[in-house]
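Observations on the three-dimensional arrangement
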Amino acid sequence: MRIEKDLLGEYPVPEQAYYGIHTARALENFPLSPFKTHFRLISALAVIKKAAAEVNGELGEVSPSISKAIVTAADEVIAGQWRDQFGTDAFQGGAGTSTNMNVNEVLANRAIALLGGKPGDYHLVHPLNHVNLHQSTNDTYPTALRMAAIWLLQDLSNHCALLQQTLQDKEAEFADVLKVGRTQLQDAVPVTLGQEFSAYAQAIARDRWRLYKVEERLRQVNLGGTAIGTGINAPAKYIFMVNERVKRHANIGLARAENMIDATQNADVYVEVSGLLKALAVNLAKIAHDLRLLSSGPFAGFNELNLPERQAGSSIMPGKVNPIIPEAINQICFHVMASDGAITMAAQSGQLELNAFLPLIAHHLLTSIEILTNGVKVFNEKCIAGISANIAVCQNALDNSLATVTALVPYIGYDQATKVARTAVQSGQSVVQTVRNLQLLSDEKLAAIVNPQALTKPGFFKR
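Overview of the structure. Starting from 1, residues in each chain are numbered consecutively following that chain's sequence as written. A pLDDT threshold of at least 70 governs which residues receive local features in this predicted model, and a stricter bar of 80 or more applies before side-chain atom pairs are shown or counted, although totals over entire chains, interfaces and linings include all residues. The side-chain values count all of the structure's non-hydrogen atoms but skip hydrogen atoms and water molecules.

Some thoughts on the overall build of the protein
If you tally the helices and strands in the protein, you get 18 helices and 8 strands. Throughout, radius of gyration means the C-alpha value; the globule benchmark is 2.2 Å times the number of residues raised to the power 0.38. The C-alpha radius of gyration of the protein comes to 30 Å, more than 25% above the 23 Å expected for a compact globule of 463 residues. Along the longest, intermediate and shortest principal axes, the C-alpha atoms of the protein span 100 × 55 × 35 Å. Relative accessibility under 20% of the residue-type maximum defines a buried residue, over 50% an exposed one, and the middle range a partly exposed one, all with a 1.4 Å probe and only protein chains included. By residue count, 50% of the 463 residues in the protein fall in the buried class. Residues count as neighbours in contact if any of their non-hydrogen atoms are within 4.5 Å of one another. Taking all contacts inside the protein whose residues are at least 6 apart in sequence as the whole, residues at least 24 apart take part in 73%. We get accessible surface area from the Shrake-Rupley algorithm with a probe of 1.4 Å; when it comes to residues, only the shown protein chains can shield them. By element, 53% of the accessible surface of the protein is carried by carbon and sulfur atoms, the whole surface being about 21,500 Å². Neither His nor the chain termini are counted; the positive set is Lys and Arg, and the negative set is Asp and Glu. A charged residue contributes its charge at one atom only: NZ of Lys, CZ of Arg, CG of Asp or CD of Glu. Side chains of the protein carry 40 positive and 42 negative charges; the gap between the two charge centres is 4 Å. Counting from the N terminus, the helices are the DSSP runs of H or I reaching at least four residues and the strands are the DSSP runs of E reaching at least two.

Concerning the nonpolar core
Grouping buried Ala, Val, Leu, Ile, Met, Phe, Trp, Tyr and Cys residues that are joined through side-chain atoms within 4.5 Å yields what is termed a nonpolar core. Grouped together as the largest cluster of nonpolar side chains are 109 residues, with contacts concentrated most on Met147, Leu156, Tyr270, Leu277, Leu284, Leu291 and Phe379. Residue contributions to this core peak at 14 residues, all from helix α6 (residues 137-173). Not counting residues within four places of it along the chain, the set of residues in contact with Tyr270 comprises Pro142, Leu145, Arg146, Leu218, Ile343, Leu358, Ile361 and Leu365. Ala417, Val420, Leu441 and Ile449 belong to the second largest nonpolar core, which has 14 residues in total.

Some details on helix α16 (residues 431-438)
Buried within α16 are the following residues: Val431, Thr434 and Val435. Axial view of α16: buried residues confined to an arc of 100°, hence all on one face. Contacts from the buried residues of α16 go to α15 (414-427) and α17 (443-449). Downstream of α16 by a residue or two, Gln439 has a phi angle that is positive, lying close to 55°. As used here, the arc is the angular range of directions from the helix axis to the C-beta atoms.

What to know about unusual backbone geometry
Here the bond from Gly297 into Pro298 is cis, since omega is 10°, no more than 30 degrees from zero. In this structure, Thr226 takes a positive phi of about 50° despite not being glycine. By the element assignment, Thr226 lies in the loop between β5 (220-221) and α8 (236-250). In this structure, Leu352 is a non-glycine residue whose phi angle is positive, near 55°.

Some words on the packing of aromatic side chains
Each pair of aromatic rings is reported with the distance of its centres and the angle of its planes. Centres within 6.5 Å are what make two rings of Phe, Tyr or Trp a pair, Trp counting through its six-membered ring; a difference in plane orientation under 30 degrees is then read as stacked, over 60 as edge-to-face, and the rest as tilted. By the definition in use, this model includes 5 aromatic pairs. Ring geometry for Phe197 against Tyr200: centres 5.4 Å apart, planes inclined by 75°, an arrangement best described as edge-to-face. Residue Phe197 and its partner Tyr200 are both found in helix α7 (residues 193-218); the two are separated by 3 residues, about one turn of the helix. For the pair Phe197 and Tyr200, a shared accessibility class is recorded, and that class is buried. One aromatic cluster is present, formed by Phe174, Phe197 and Tyr200 through successive ring pairs.

So, the layout of surface pockets
Empty space left among the atoms is revealed by rolling a probe the size of a water molecule over them. Grid points spaced at 1 Å over the protein atoms alone were grouped into cavities, where a 1.4 Å probe fits but cannot get out, and pockets, open sets with protein on both sides within 12 Å along at least five of seven lines, with lining residues defined by an atom within 4 Å of a point. Grid points are joined across faces, edges and corners, and a volume is the space filled by probe spheres set on the points. Volume-wise, the largest pocket comes out at about 380 Å³. Contributing to the lining of the largest pocket are 16 residues, with Ser295, Gly297, Pro298, Val321 and Asn322 lying nearest its centre. Following the grouping adopted for this structure description, the nonpolar residues are Ala, Val, Leu, Ile, Met, Phe, Trp, Tyr, Cys and Pro, the charged ones are Asp, Glu, Lys and Arg, and the polar ones are all others, Gly among them. Among the residues forming the lining of the largest pocket, the class breakdown is 6 nonpolar, 7 polar and 3 charged.

Topic: the side chain of Thr99
Mapped onto the elements of the fold, Thr99 is located in helix α4 (residues 97-114). Beyond its immediate chain neighbours, meaning those up to four positions away, Thr99 contacts Thr37, Ile42, Leu45, Thr88, Gln92 and Tyr141.

Some thoughts on the packing of helix α1 (residues 21-29) against α4
Where α1 contacts α4, the two axes come as close as 8 Å, and the packing angle between them is 140°. With respect to their mutual orientation, α1 and α4 come out oblique. Of the two elements, α1 crosses α4, and the hand of that crossing is left-handed. Within the contact between the two elements, α1 uses Ile21, His22, Thr23 and Ala26 and α4 uses Ser98, Met101, Asn102 and Glu105. Split into classes, the residues belonging to the contact of α1 with α4 amount to 3 nonpolar, 4 polar and 1 charged. Only C-alpha atoms enter the line fits that serve as axes; for helices the fit covers just the stretch in contact. Angles between N-to-C directions range over 0 to 180 degrees. An angle counts as roughly parallel when it lies under 35 degrees, as roughly antiparallel when it exceeds 145, as roughly perpendicular when it falls between 65 and 115, and as oblique in every other case. By definition, turning the near helix anticlockwise from the far helix through less than a right angle yields a left-handed crossing, and turning it clockwise yields a right-handed one.

Thoughts on the pattern of salt bridges
Salt bridges are counted wherever a side-chain nitrogen of Lys or Arg sits within 4 Å of a carboxyl oxygen of Asp or Glu. By the definition in use, this model includes 19 salt bridges. A salt bridge links Glu54 to Arg245, with the shortest nitrogen-to-oxygen separation between them at 3.2 Å. In this pair, Glu54 is assigned in helix α2 (residues 39-58) and Arg245 in helix α8, connecting sequence segments 191 residues apart. Residue Glu54 is classed as buried on the basis of its relative accessible area of 17%. In this structure, Arg182 and Glu304 form a salt bridge, with 2.8 Å as the shortest nitrogen-oxygen distance. Taken together, the positions of Arg182 in strand β3 (residues 178-183) and Glu304 in the loop between α10 (268-294) and β7 (305-306) put the pair 122 residues apart, joining distant regions of the chain. Residue classification places Arg182 among the partly exposed positions, given a relative accessible area of 25%. Three or more residues joined by partner-sharing salt bridges are found here, namely Lys179, Arg182, Glu196 and Glu304.

Here's the deal with the environment of Ala205
Take Ala205: it is sitting in helix α7. Note on Ala205: relative accessible area 18%, which makes it buried. In the structure, Ala205 is positioned 147 residues away from Leu352 in sequence and 39 Å away in space, judged by C-alpha atoms.

A short note on empty space enclosed by the protein
Under the criterion given, the structure shown has 4 cavities of 30 Å³ or more. Each pocket or cavity is described by its volume, and for the largest cavity that value is around 60 Å³. What lines the largest cavity is Lys36, Thr37, His38, Leu41, Ala90, Gln92, Thr99, Tyr141, Pro359, Ala362, His363 and Leu366. Looking at which element gives the most residues to the lining of the largest cavity, the answer is helix α12 (residues 358-382), with 4 residues. Taken together, the residues of the lining of the largest cavity break down into 6 nonpolar, 5 polar and 1 charged. The computed volume of the second largest cavity comes to approximately 50 Å³. Around the second largest cavity, the lining residues are Pro142, Arg146, Ala263, Thr264, Gln265, Asn266, Ala267, Tyr270, Asn355 and Leu358. Of all the secondary-structure elements, those providing two or more residues to the lining of the second largest cavity are α6 and α9 (260-265). In terms of residue count, the dominant contributor to the lining of the second largest cavity is α9 (3 residues).

Laid out in structure tokens, this is it:
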């Protein structure tokens, strides 16, 4: 072990660890969960530290050798190295200070090693005086959170586009599959299976567009605002240069917020993003519920759809296959909806110039985006793409239902149509045969009206 010092005194740190005393104290103070700080957030912080080191080197605030060593260390972290050195719990006090210091210390000690020193030789490279120069947790952490969220949202949006395309392919494939449309789980009017899938595709299209547009809200960052957004201890030239440099390295369009005090203390943008993630979760859950229902059976359920068989469904009932992919999708959607509640509570709990609960927001926001991305991918590839229709089952249910009786209302009135429905149910005969028995319409007129394919299109009714 090596001994490091801070304002609270001395503390032992593993001799070869790249993290330092602040991280060690955080590991002791916050043994709260199995969740570590999201690595995309760590990567985003490393991008910021890299940009700051470059700018501070160009401004003569740190030596060229220190600047280069920090940049190299940051590039290694960005590339995924040294993950075992980032162990801070996702839930931590201090508004993210533990995570920011974890990154500062790892980059400093790695830079020290690159310069030929040993971890803890902070006279070579100091976590605060060099790596964190002209920064605060309060501007780097929220900026990194926004960057990480944008990176992950881009991936989610792309997978939503793929899911939308698959649903549209199914819309075309099932365009001529007639079936009973249902409202409140009761027989309603004719619809095609393709039309049902078109509604799913349209819902996902809206989600894709909303997530694409919400990136704009995240692009306004408070980097350079330091402690509370006033920019104390940060030169004006540095503030402008570091924002441009981060923008370049992150490969996303970032801009310094016009009001950095607002961007430092208010977390409503995360609530907005979370709300749109919840909207996607709602749509995915609804589709998953529908697929489970439409594929139920095969003998005692709807059995209108066949879902791809992924694994045996029971340890006691031979031959049973469950709709495991939609069930898993439902579960991650419930998780995202619950996370939205946590984000909302954390965002409204900020006080005065800072929100202390950004770590909770970061954990739930980034995790929600990540599991939705994985879920959409799995849903698309392992379920939606392999769905087939039981056409005969769909047609038989339609033929034996009252789904066409609504079309009679404009011609014979609501009361007479109700009589047809009741009589058909009691007699066990079809709607067509019941109308004939009651002599309400000619066969020619009846055939023109009770045309399920025509009834699925607008503008059918003509007197």
